[in-house]
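Read off the chains here:
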Amino acid sequence: MLFFILRRSGVMLLTALALTFIVFFMTNLTPNLEKLAKSEASVRMSDDQVASWLDSHGFTRPLLARYGEWLGVVPGWTHTDASGRVTGRCIAPDRTTEAAPARCGVLQGEWGQSTVFKRPVSEILARSLGHTGWLMLWVMLVMVPTALLIGVLSGMREGTTTDRVLSTFAIATTATPEYVSGVILIVLFGSATAGISPILAEWGWISGRTLFQGTATSAMDKITFWNFGLPVITIALYGIGYIARMTRASMTEVMTQQYIRTARLKGVSFGQIIVKHALRNALIAPFTVIMLQFPWLLNGVVIVETLFNYKGFGWTLVQAASNNDIQMLLACSVVAVLVVLVTQLISDIGYVFLNPRIRLS
Amino acid sequence: MTEWDPSQPILEIENLSISFFTRLREIPAVMDFSCTVMAGESMGLVGESGCGKSTVALAVMRDLGRNGRITGGSIRFKGRDLTHMSDRDLRHIRGSEIAMIYQEPMASLNPAMRVGEQLAEVPMIHRNMGHADAMALARQIISDVRLPDPDRILRAYPHQLSGGQQQRIVIAMALMARPALLILDEPTTALDVTVEAGIVDLVKDLGAKYGTSMLFISHNLGLILDVCDRLCVMYSGEAVETGNVAQVFDRMRHPYTQALFRSIPLPGANKNDRPLIAIPGNFPLPHERPKGCNFGPRCDYFLKGRCDAAAVPMALLPDQLRHETRCLRWGEIDWAAPPKVGRVTEKLAPGRLVLKLEDLRKYYAVSSGAFGGGAEQVVKANESLSFEARENETLAIVGESGCGKSTLAKVLMGLETATDGQIMLFDENVQDTPIQARNPDMVSKLQMVFQNPFDTLNPSMTVGRQIIRALEIFRQGTSDADRVERMLTLLDMVKLPRAFADRMPRQLSGGQKQRVGIARAFAGGAKIVVADEPVSALDVSVQAAVADLLMDIQRENHTTLLFISHDLSIVRYLSDRVMVMYLGHVVELGTTDQVFSPPYHPYTEALLSAVPIADTRVKKRRIVLEGDIPSAMNPPPGCPFQTRCRWKTQVPGGLCERELPPVKVMADGHQIKCHLSDDLLQGMEPVITIAAE
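Just so it is clear, the structure is predicted and the values come from calculations on it, not from any experiment. Along every chain, residues carry numbers that run from 1 in the direction the sequence is written. As they are written, the chains are lettered A onward and the ligands numbered 1 onward, keeping that order. Only residues with pLDDT of at least 70 are given local features in this predicted model, and only at 80 or more are side-chain atom pairs given and counted; all residues enter the totals for whole chains, interfaces and linings.

Enquirer: Before we move on, could you go through the overall build of chain B and cite the residues and values that matter?
Expert: By definition, any uninterrupted DSSP run of H or I lasting at least four residues is a helix, any uninterrupted run of E lasting at least two residues is a strand, and each is numbered from the N terminus. The helix and strand inventory of chain B stands at 23 helices and 26 strands. Taken over the C-alpha atoms alone, chain B extends approximately 80 × 65 × 55 Å along its principal axes. Between the buried cut of 20 or more and the exposed cut of 12 or fewer other C-beta atoms within 10 Å of a residue's own C-beta lies the partly exposed class, and all C-beta atoms are placed from the backbone. Across the 693 residues in chain B, those meeting the buried criterion constitute 48%. Contacts are defined on C-beta atoms placed from the backbone: any two residues whose C-beta positions lie within 7 Å are in contact. Sequence-distant contacts, at least 24 apart, represent 68% of the contacts inside chain B between residues at least 6 apart.

Enquirer: Kindly report on the overall build of chain A, identifying the contributing residues and their values.
Expert: Helix and strand counts for chain A stand at 13 helices and two strands. As defined in this context, the radius of gyration uses C-alpha atoms, and a globule is described by 2.2 Å times the residue total to the power 0.38. Against the globule reference of 21 Å for 361 residues, chain A gives a C-alpha radius of gyration of 26 Å, more extended than a compact globule. Contacts spanning at least 24 positions in sequence make up 65% of the contacts within chain A whose residues lie at least 6 apart.

Enquirer: Any chance you could break down the sheet that holds strand 24 (residues 663-667) of chain B for me, citing the residues and the numbers?
Expert: Residue and element names in this part refer to chain B. Strands sit in the order 18-19-20-15-21-22-25-24 across an open sheet of eight strands; the sheet is mixed. The strands lining the two open edges of the sheet, one partner per strand, are strand 18 (446-449) and strand 24. Neighbour to neighbour, the strand axes of the sheet diverge by 20 degrees on average, direction disregarded. For two strands to be treated as a pair, DSSP must find at least two bridges joining them. Of the strand pairs in this sheet, strand 15 (residues 394-398) and strand 20 (residues 560-565) are connected by five bridges, and their pairing is parallel. From the neighbouring strand, I397 faces strand 20, where its bridge partner is I564. Here helix 12 (residues 405-413) sits on the sheet in contact with strand 15, strand 18, strand 19 (528-532), strand 20 and strand 21 (577-582), set at roughly 150 degrees to strand 19. A fitted line through C-alpha atoms represents every axis, and for helices the fit uses only the stretch in contact; the resulting angles, taken between N-to-C directions, go from 0 to 180 degrees.

Enquirer: If you had to explain the environment of B:A120 to someone new, which residues and values would you point to?
Expert: All names here are of chain B. Following the sequence through the fold, A120 ends up in helix 4 (residues 115-126). Residue class for A120 comes out buried when judged on the 25 C-beta atoms lying within 10 Å of it. Remark: the alpha-carbon pair of A120 and D149, spanning 29 residues in sequence, is separated by 17 Å. Those residues in contact with A120 that lie beyond four places of it in its chain are H131, A134, M135 and A138.

Enquirer: Go over the interface of chain A and chain B with me, naming the residues and quoting the values.
Expert: Each side of the interface is counted separately: chain A has 24 residues, and chain B has 27 residues. Secondary structure elements with two or more residues in the side of chain A that touches chain B: helix 1 (2-27), helix 10 (258-265) and helix 11 (270-307) of chain A. For the side of chain A that touches chain B, the element with the highest residue contribution is helix 10 of chain A, accounting for six residues. Looking at side-chain class alone, the side of chain A that touches chain B contains nine nonpolar, nine polar and six charged residues. Polarity classes work like this: nonpolar for Ala, Val, Leu, Ile, Met, Phe, Trp, Tyr, Cys and Pro, charged for Asp, Glu, Lys and Arg, and polar for all others, with Gly in that last group.

Enquirer: Requested: an account of the packing of helix 15 (residues 463-473) of chain B against helix 16 (residues 480-493) of chain B, with residues and values cited.
Expert: All names here are of chain B. Viewed as axis vectors pointing N to C, helix 15 and helix 16 meet at an angle of 115 degrees, and their least axial separation amounts to 9 Å. In the packing of helix 15 onto helix 16, the handedness of the crossing is right-handed. Residues G464, I467, I468, L471 and E472 of helix 15 pack against R483, V484, R486, M487 and L490 of helix 16. Here the residues of the contact of helix 15 with helix 16 are counted per class, giving six nonpolar, one polar and three charged. For any helix crossing, the convention is left-handed if the near helix is rotated counterclockwise from the far helix by under a right angle, and right-handed if that rotation is clockwise.

Enquirer: Can you lay out the sheet that holds strand 2 (residues 26-37) of chain B for me, pointing to particular residues and giving the numbers?
Expert: Residues and elements named next belong to chain B. The strand order across the open sheet formed by four strands is 2-1-4-5, and the pairing between neighbours is antiparallel. In this open sheet, the two edge strands, each paired with only one partner strand, are strand 2 and strand 5 (80-81). With eight bridges connecting them, strand 1 (residues 11-21) and strand 4 (residues 68-77) associate as antiparallel partners. Within strand 4, the position partnered with E14 by the bridge is S74.

Enquirer: Break down helix 18 (residues 540-557) of chain B for me, citing the residues and quoting the values.
Expert: Residues and elements named next belong to chain B. Multiplying one less than the number of residues by 1.5 Å gives the expected span of a helix. Between its first and last C-alpha atoms helix 18 spans 26 Å; for 18 residues at 1.5 Å apiece the expected length is 26 Å, and the two agree. Considered for burial, the residues of helix 18 that qualify are V540, S541, V542, Q543, A544, A545, V546, A547, D548, L549, L550 and Q554. Looking at the packing, one finds that the buried side of helix 18 touches helix 11 (255-263), strand 15, helix 17 (510-521), strand 19, strand 20 and helix 19 (568-574). Positive phi shows up at H558, right after helix 18, with a value of about 55 degrees.

Enquirer: I'd like to hear about the environment of A:E305, residue by residue, with values.
Expert: All names here are of chain A. Relative to the helices and strands, E305 resides in helix 11. Look at E305 and you get buried, because 25 C-beta atoms sit within 10 Å. Sequence separation between E305 and M136 is 169 residues, and the spatial gap between their C-alpha atoms is 11 Å. Here E305 is in contact with Y310, G312, G314 and W315, once residues within four sequence places are set aside.

Enquirer: Residue-level account of the domain arrangement of chain A, with values.
Expert: Residue and element names in this part refer to chain A. Start and end points for every domain follow an automatic or database-based domain assignment. When cut into domains, chain A gives domain 1 (14-108) and domain 2 (121-360). Placing a centre on the C-alpha atoms of domain 1 and another on those of domain 2 gives a separation of 40 Å. Tallying the contact residues gives 13 residues for domain 1 and nine residues for domain 2. Those elements that place two or more of their residues in the side of domain 1 that touches domain 2 are helix 1 and helix 2 (30-40). The greatest single-element share of the side of domain 1 that touches domain 2, amounting to seven residues, is contributed by helix 1.

Enquirer: Go over helix 4 (residues 63-71) of chain A with me, naming the residues and quoting the values.
Expert: All names here are of chain A. Residues of helix 4 that are buried: Y67, E69 and W70. Burial along helix 4 is one-sided: seen end-on, the buried residues are contained in an arc of 155 degrees. Summarising the contacts, the buried residues of helix 4 are in contact with helix 1 and helix 13 (326-354). Taken from the residues just after helix 4, G72 is the one with a positive phi, measuring 100 degrees. This arc is built from the directions going out from the helix axis to the C-beta atoms.

Right, dumping it as structure tokens:
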């Protein structure tokens, strides 16, 4: 077990290196850097001035060396200008040249400065991940039980009306992307003039003007049912359909197995057959899918956080990408890679415990 | 509810009809089926696949699925009508009063639940027993079914047990509530013969111990003879003959029963002078049953205008106790007349040497541990195999699963290369040549007939095309027209109509598919054919025909046949020499007569004793092997068979546990790998004796 985790961690590290290098390469393409120079210094710089700005900020060093600097394994660049003032990667404005460390990269915990937010990347990242964490938690709490319930209910008696109704629902939700379902939900529940909110308000069933709030900005301070409901439902709906379909397929297959017949002919009641005999076997396949939902959620939150103006990880990523914030983008990619790899590791280990027959090798 | 009177039948099925409903039509699966099981009696249900015997069993359990429905008749259990019982009442009966044992133990046990929990569930449901008490009962029943180390077994998951142990667990589960009726649906079909013998003994003993009635479903007549008091022969959805086992076996009064007995290899049958008589034709599909007697079109005694006039009712035979037959002419047929003997053929003399193995070894390396890693272990699949095979000869390779016979076939074919030793094929050494590196001539000369004809044909290619494809690969024929002609000749050879060339495999029956498989193997004029259990997936009545076809082709082409099988009856019938394997070793090798009569290797002795023989005249000594075959990953030291050998104490000084026995030559061409002294070996008594008629 320990050996397995160690080996998988090694593979993860290599994957993370390769992926971050690719992102590093893409964000550090020459046009990007020129754009950076112009946005950082002056928009009206001549080409020569751009070149010298890049040179004085360490951007003309070889790509691999700069990647090493970012990682923190290569000493940071220094530059001495005409007046003899020394600047460098690791020489912060408030540090003296002597006090500055030779290396400052991810390994030293220095994620750099965000050009958009004008704050250290680590600070922005921590804050936005915190917000997204809450969103994901609620999404999972809503999505997983609902999806499993729908899947099991429709799978345990294949072909019945219950099955058909639930399957139609599952297919419909999974076929609707968030940017469509989000807008529809806002119109239906979050608008004071359309959907059901005006009716409910008229009847006096809700105290405010809308059932849900169409923006989640206030949820960053305090999460309520009112301000957090719509983003959570929007993300969860898509996943519910997907996981429910997988659970249903797995459940129908299990229900035709001979050991289910054995249980039936032992005199076990239908409810007990589902709970004691079918469920654990039927959950093996969806478990992998659920774990795959975590990395996918990161992608889903990009759209939903932007739509509901919730300043989490997805929103930050969008801001960083549209404003050429290289350090921020790199940090986001590291987070994304880690989330994908760690959830897959958990998924593999969990699989072994769920299925006593499995042997990983 | 009235109390049930033990002198009344425990199970009474009357005129039961069951149909399955598809979108197209109603398919009658069982028609007008009646049978009675008394308390403590065991009733056998015999028939070929598709005859409806399992459907009857599931109908008793009222578990016919969504499409199946009982369309007529009644099933009464202890006087209560099961056909109109509510789900609630059924649940009380299932598992507590009627329990079932299934064909595939692995699939019948929940893979994600510990064995103990699965067992304890039964008394917890039916007797409101507490968990601890139920576990204690489970532990006791586990020792009742003679499983070692009950505490470990209780905590084990099904996949951690061997096939035989799993089946014992399924039996234990059925016995947890002391049922009055036990339904066994082919309980040993998926198991090895020696394991089967143990299970059969266990079932018989437990039946006697608890006074349980049994409904025993099997296609194996020998097993029925071993286990049952009465039997019911089924054909195409109908019971055709019912009676006491002895009566039906010795004085059958239905042509199908007679034909069935003549098509199975009993001791005395021989491929040359007493060949088997296959039942002509095919089993009718449920919606294509003939008018009148279902067996009519295949029956030797068929009378036009009489047998096909109207449905035939069951007739009770006079003078005998509850012996019934569904034949109109039972009084007119001379049942004692000896069967018409088919062609008598000459035994062919063995020709030149075509295959020689010397000290062949095949090892595999595997790793253990749930997350990979762990210690690397070596599976010794084949250990120092040496034997020869000649032209015209049929060499049977016999052994139970895990003995290495399939590995040997793979190494011969070139699907694997040998670890050590030599294979001399004609004049070439091929032990290191994988099949990709063998030239087409070599490949076409050494071919294989596979066990499962259902999986070995490409489902999307016509039969003719598949044979032509083989011809192309073997570089036979000069032009496409020539190959088509050759393909048709091959179909003639395997006695299939030429029109079958345009059929798809799904339109063929199992026996016909196997014939296509044989045609494909002989497409390149094969000189050596490895037949891996070629008839074990086929029904009894078809087995004889396919086996005889193989023999005919062998006579014509002077082929060497390596016949891999676990079925000693068929081996005795058609092989010239027999090689018995155990745990990768050849333990005995000799002519068929030498191997089937003493002196035996102790393993051969047990194997012979385990084979059920459907003949009331045969007396067998019962030798039941304890335990399971050891893992090839961790073979015992010394003799591979020492862990289960009943003769071990006869060898002084614990020699069996220390040294691998030498190969002992008993007579010309007869060798045994055993430490037993010559006196003891010579003094062995025959396992099977046939009482004088």
